[in-house]
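Here's the letter readout for the chains.
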Amino acid sequence: MLYLIAYISSVVLINYAFSTAPHLDIIWSAWGGLVFVLRDMVQTRFGHGAIIAMLAALVLSYVTSDPAIALASATAFAVSECIDWLVFSITKRPLHDRLWISSALSIPLDTFIFFGLIDALTPGVILTALASKFAGVTVVWLAMAWRLRKAACAG
């Protein structure tokens, strides 16, 4: 439940931050890495129910943020969630691999769509967003792989 609350809160807060202080876009783009990690944790726990959490976060974002930011966020998340859904539904790889594969496909699209729609598509923002998102998902992947190896050695 903690990941669910943190995920919804982070989406709402990051959209609010982009709305109220767009000049700090590099900082907010780094924060985006946390949102992807939290989304993966929510998906791990709730499966495709993560879409309901995303919709709740986007409705709250629309109420609290600039509607253009909320729309850009909704569009980017919709595309990345469809990719995640496909990877999680089609592949038979272990969970930690599915998380990384889906992120490798969805993070670049999400980043370019969101920042393109809010006219913040600069090299610094793109590099920061991609680096933070991939760093976050790689940490989760490593932690899950380590737990699997540890369990295999114990068993």
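Since the model is a prediction, treat every value here as computed from it, not as a measurement. (Residues numbered from 1 in each chain as written. Predicted model: local features only at pLDDT ≥ 70, side-chain atom pairs only at ≥ 80, totals over all residues. Heavy atoms only, no water.)

### Observations regarding the nonpolar core
Generally speaking, nonpolar side chains in soluble globular proteins are found buried as a group. Counting 33 residues, the largest nonpolar core has Tyr-7, Phe-18, Phe-114, Phe-115 and Ile-118 as the members making the most contacts within it. Secondary structure elements with two or more residues in this core: helix H1 (2-20), helix H2 (25-46), helix H3 (50-64), helix H4 (67-90), helix H5 (95-117) and helix H6 (123-154). When residues in this core are grouped by element, the largest group, eight residues, is from H1. Beyond its immediate chain neighbours, meaning those up to four positions away, Phe-114 contacts Asn-15, Phe-18, Ile-69, Ala-72, Ser-73 and Ala-76. In terms of nonpolar packing, the next biggest core, distinct from the first, is built from six residues, Val-37, Met-41, Phe-88 and Val-140 among them. (Core = buried A, V, L, I, M, F, W, Y, C linked by side-chain atoms within 4.5 Å. Buried < 20%, exposed > 50% of the residue type's maximum accessible area, 1.4 Å probe, protein only. Helix = DSSP H or I, 4+ residues; strand = E, 2+ residues; numbered from the N terminus. Contact = heavy atoms within 4.5 Å.)

### Looking at the UniProt feature "transmembrane region" (unreviewed entry) in the protein chain
The UniProt feature table records "transmembrane region" (unreviewed entry) at residues 45-63, 99-118 and 124-146. End C-alpha atoms of residues 99-118 are separated by 27 Å, and the span's content is 95% helix alongside 0% strand. Span residues 124-146 is 100% helix and 0% strand, its end C-alpha atoms 32 Å apart. (UniProt positions renumbered as here; feature names shortened; annotations may be inferred.)

### Some words on H6
With 32 residues, H6 ought to run about 46 Å at 1.5 Å a step, and its terminal C-alpha atoms sit 46 Å apart, in line with that. Check the buried side of H6 and you find it contacts H2 and H5. (Expected span 1.5 Å × (residues − 1).)

### Observations regarding the packing of H5 against H6
One way to put it is that H5 packs onto H6 with a least axis distance of 10 Å and a crossing angle of 170 degrees. With respect to their mutual orientation, H5 and H6 come out roughly antiparallel. For the contact of H5 with H6, the class distribution of residues is 19 nonpolar, four polar and three charged. (Axes fitted to C-alpha atoms, helices over the stretch in contact; angles between N-to-C directions. Parallel < 35°, antiparallel > 145°, perpendicular 65-115°, else oblique. Nonpolar A, V, L, I, M, F, W, Y, C, P; charged D, E, K, R; others polar.)

### Points about the packing of aromatic side chains
A full pass over the atoms with the stated rule returns four aromatic pairs. Between Phe-18 and Phe-115, the ring centres sit 5.7 Å apart and the planes meet at 65 degrees, which makes this aromatic pair edge-to-face. Here Phe-18 is found in helix H1, whereas its partner Phe-115 is found in helix H5, with 97 residues between them in sequence. Residue classification places Phe-115 among the buried residues on the basis of a relative accessible area of 2%. Note on Trp-100 and Phe-134: the rings are 5.8 Å apart at their centroids and 35 degrees apart in plane angle, and the pair reads as tilted. With a gap of 34 residues between them, Trp-100 in helix H5 and Phe-134 in helix H6 connect regions that are remote in the sequence. We classify Trp-100 as partly exposed; its relative accessible area is 30%. Given a relative accessible area of 23%, Phe-134 falls into the partly exposed group. Members of the aromatic cluster, connected to one another through ring pairs, are Phe-18, Phe-114 and Phe-115. (Phe/Tyr/Trp six-rings, centres within 6.5 Å; stacked < 30°, edge-to-face > 60°.)

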